[in-house]
Amino acid sequence: MDLVPLRGGSWDGVMHIGTGLITPTSPAEVASAAADATERGLDSFWTNQNPGGWDPLTLLAALGPRPAEVGTAIVATFPRHPVTTAAEALTIQAARGGLTLGVGPSHAWYVQDQLGLPYTSPLRHTREYLTVLRPLLNGRPVRFDGEFFTVDTRLDIAAPAPSLLLSALGPRMLELAHDLADGVAAAWVTPDMVAKHIAPRTAPGARIVAQAVTLLSPDPDRARAEFAGQLATVGRMPAYRASLDRAGLANPADTLVIGDDTTVTDAVKRYQDAGVTDLIVVPLNDRSRTLDLLQAG
């Protein structure tokens, strides 16, 4: 399935569907999942930066068979200089193409508590990060002297610029994505959250890439209650807590798609109706059966 250009282009009205893994156990598992997505004809395959886990860009570079688009949702900004991120992204573009680069500030408990880096003013830091990153991705030199970055450089890598997404849930970060990115990457969101809080704040023609975590279960209430305990820590992270509060939700488990086959297919349609341009379906169980439903739809 051909992807439609973002800047200066428009989508064909059909939501693109991809998949990924939340906590892969090995690069081989990632490669296998990407190959499976290719065989199924899915539009994209995505990786994520889990603290202490595999590097998402390296995993994408090492893939064999893969869909036309591969993406990160997301790479953390604080541990990675924007020039380094730009060089890595353009290297993948030159070698394989089809990259969408999703970035975001991550969370204080990781950046500050685990890495010992100051988690200072994530909004201002992200603005400067994109101000340096975006022109480099587009082959332009950067001369910038800011609060967090002082850069005077260019990259001699001939490659098309990847699509650039920003992890954004709150109004100010969504405004930043509107101004300096090609779209947003959103996790732990329902279709209603997208329709009411995200889509109205995105630029015309921008991408809204949303993650939908699914679980096939005959007892949705019990399954959701079990996952509520596992996801309690996620729900205490300030960015997610504020997003859930705006939607009147108590726990990230309230955003999971839990139920039977019809529940999953109905949810996919609801995400599309909400304005999602790209849905990343991440099954927690019955992966093959769940992805079969996407093909049937």
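Residues numbered from 1 in each chain as written. Predicted model: local features only at pLDDT ≥ 70, side-chain atom pairs only at ≥ 80, totals over all residues. Heavy atoms only, no water.

Account for the environment of Ala76, with residues named and values stated.
Here Ala76 is to be found in strand β3 (residues 69-76). For the pair Ala76 and Pro218, spaced 142 residues apart in sequence, the C-alpha to C-alpha distance is 36 Å. (Helix = DSSP H or I, 4+ residues; strand = E, 2+ residues; numbered from the N terminus.)

Quick rundown of the packing of helix α3 (residues 82-95) against helix α5 (residues 122-137)? Include the residues and the values.
At their nearest, the axes of α3 and α5 sit 9 Å apart, and the two run at 30° to each other. Viewed along their axes, α3 and α5 adopt a mutual orientation that is roughly parallel. Here α3 runs over α5; the crossing is right-handed. Listed contacts from α5 to Pro82, Val83, Thr85, Ala86, Ala89 and Leu90 of α3 are Tyr129, Val132, Leu133, Leu136 and Leu137. Of the residues contributing to the contact of α3 with α5, the split by class is 10 nonpolar, one polar and no charged. (Axes fitted to C-alpha atoms, helices over the stretch in contact; angles between N-to-C directions. Parallel < 35°, antiparallel > 145°, perpendicular 65-115°, else oblique. Left-handed = near helix turned anticlockwise from the far one by under 90°. Contact = heavy atoms within 4.5 Å. Nonpolar A, V, L, I, M, F, W, Y, C, P; charged D, E, K, R; others polar.)

Outline the environment of Leu164, supporting the account with residue identities and numerical values.
Mapping Leu164 onto the fold places it in strand β7 (residues 163-167). Leu164 sits in the buried class, given a relative accessible area of 0%. Contact partners of Leu164, with chain neighbours within four places excluded, come to Leu101, Val103, Leu130, Leu133, Arg134, Leu137, Leu180, Ala181, Asp182 and Gly183. (Buried < 20%, exposed > 50% of the residue type's maximum accessible area, 1.4 Å probe, protein only.)

I'd like a rundown of the environment of Pro105, residues and numbers included.
Position of Pro105 among the secondary structure elements: in the loop between β4 (99-104) and α4 (108-111). Distance in space between the C-alpha atoms of Pro105 and Leu293 is 34 Å, their sequence separation being 188 residues. Filtering out sequence-adjacent residues up to four positions away, Pro105 remains in contact with Thr77, Phe78, Val111, Tyr119, Pro122, Thr126 and Met173.

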